Amino acid sequence: RSSDLRFFKENMRALFGKKNEANGTVQFSFRVGKDASDLGYYRMKLTLDPRNPNALTGIVQDVTELALSMMKLKDTQALWDAAINAMPFMLTVKDVDNDFRYLLCNNAFADIFSCPPSEITGKTDSELFDNTANMDFTNRMNNLALTMDVNEMKELLEALQGGKKY
């Protein structure tokens, strides 16, 4: 965009000032625009010539589409996280191809273990529950995931830490 190019030229000294702090290659990102609705996002990579300190080679990429997509993705992820964690009932998602490890759980489920959901993600039932007391529950859940049957279960869950029962 021509307005971005003008801004870039006007501020070139400040942007290239970073070259004095580095050796070899410098990479940085910047944005330009008059207001939030007119922002352009750019990534620049400069290669410095050690034989001639005033010479450099640079490439400027317009990454506006990528930056806007990333911001939308983060907003969408935050919305889903808020919705999942606002549910009053326990919600989990397991990876059937990796020993039924937890891919996701909400705060209601994580409260069983008095820890954040991030500490449950990647673990299996045997790492979370008393294996002897909950083997039947684990087997039924795994069979349910494999057969895709609709089933309602009420089971006693006992966490390894603290002996809480649900």
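Residues numbered from 1 in each chain as written. Predicted model: local features only at pLDDT ≥ 70, side-chain atom pairs only at ≥ 80, totals over all residues. Heavy atoms only, no water.

**Observations regarding the packing of aromatic side chains**
So, step 1. For the coordinates displayed, the defined rule picks out 1 aromatic pair.
So, step 2. For the pair Tyr 102 and Phe 109, a centre-to-centre distance of 5.4 Å together with 35° between the ring planes defines the contact as tilted. Residues Tyr 102 and Phe 109 agree in their burial class; the two are buried. (Phe/Tyr/Trp six-rings, centres within 6.5 Å; stacked < 30°, edge-to-face > 60°. Buried < 20%, exposed > 50% of the residue type's maximum accessible area, 1.4 Å probe, protein only.)

**Considerations on the pattern of salt bridges**
So, step 1. The final tally for this structure, using the stated rule, is 2 salt bridges.
So, step 2. Here Lys 94 makes a salt bridge to Asp 125, at a shortest N to O gap of 2.7 Å. One end of the pair, Lys 94, is in strand E4 (residues 92-95); the other, Asp 125, is in helix H5 (residues 125-128), and 31 residues separate them in sequence.
So, step 3. Among the residues examined, Asp 125 registers a relative accessible area of 3% and is labelled buried.
So, step 4. We note a salt bridge from Arg 101 to Glu 127, for which the minimum N-O separation is 3.3 Å. Taken together, the residues Arg 101 in strand E5 (residues 101-105) and Glu 127 in helix H5 connect sequence positions 26 residues apart.
So, step 5. Look at Arg 101 and you get partly exposed, because its relative accessible area is 24%. (Salt bridge = Lys/Arg side-chain N within 4 Å of Asp/Glu carboxyl O. Helix = DSSP H or I, 4+ residues; strand = E, 2+ residues; numbered from the N terminus.)

**Quick look at the pairing of E5**
So, step 1. Here 4 bridges tie E4 to E5, and the two strands are oriented antiparallel to one another. When the bridges of E5 are listed, Val 93 appears paired with Leu 104.
So, step 2. Linking two consecutive strands that pair antiparallel, namely E4 and E5, is a turn of 5 residues; a positive phi of about 55° is found at Asp 99 within it. (Pairing = 2+ DSSP bridges.)

**Comments concerning the nonpolar core**
So, step 1. Formed by Tyr 102, Cys 105, Phe 109, Ala 110, Ile 112, Phe 113, Cys 115, Ile 120, Leu 128 and Phe 129, the largest nonpolar core amounts to 10 residues.
So, step 2. Breaking this core down by element, the ones donating at least two residues are E5 and helix H4 (107-110).
So, step 3. Excluding anything up to four places from it in sequence, Cys 105 contacts Asn 85, Leu 91, Thr 92, Ala 110, Pro 117 and Ile 120.
So, step 4. One finds Phe 30, Val 32, Leu 46 and Leu 48 within the second-largest nonpolar core, a separate group that totals 8 residues. (Core = buried A, V, L, I, M, F, W, Y, C linked by side-chain atoms within 4.5 Å. Contact = heavy atoms within 4.5 Å.)

**Brief notes about the confidence of the model for the chain**
So, step 1. Per-residue confidence for the chain gives a mean pLDDT of 77; residues scoring 70 or more make up 68%.
So, step 2. Helix H2 (residues 12-16) is the least confidently modelled element of the chain, averaging 59 in pLDDT, while helix H3 (residues 64-86) averages 94, the highest of any element. (pLDDT = per-residue confidence, 0-100.)

**Some points on unusual backbone geometry**
So, step 1. Look at Asp 99: it is not a glycine, yet its phi comes out positive at around 55°.
So, step 2. Tracing the chain through its elements places Asp 99 in the loop between E4 and E5.
So, step 3. Judged by relative accessible area, which is 56%, Asp 99 ranks as exposed.
So, step 4. Located in the positive-phi region is Phe 100, a residue other than glycine, with phi close to 55°.
So, step 5. Tracing the sequence through the fold places Phe 100 in the loop between E4 and E5.

**A closer look at the environment of Thr 138**
So, step 1. Along the polypeptide, Thr 138 turns up in helix H6 (residues 131-147).
So, step 2. The class of Thr 138 is buried, set by a relative accessible area of 12%.
So, step 3. In this structure, the C-alpha to C-alpha distance between Thr 138 and Ser 126, residues 12 residues apart in sequence, is 8.4 Å.

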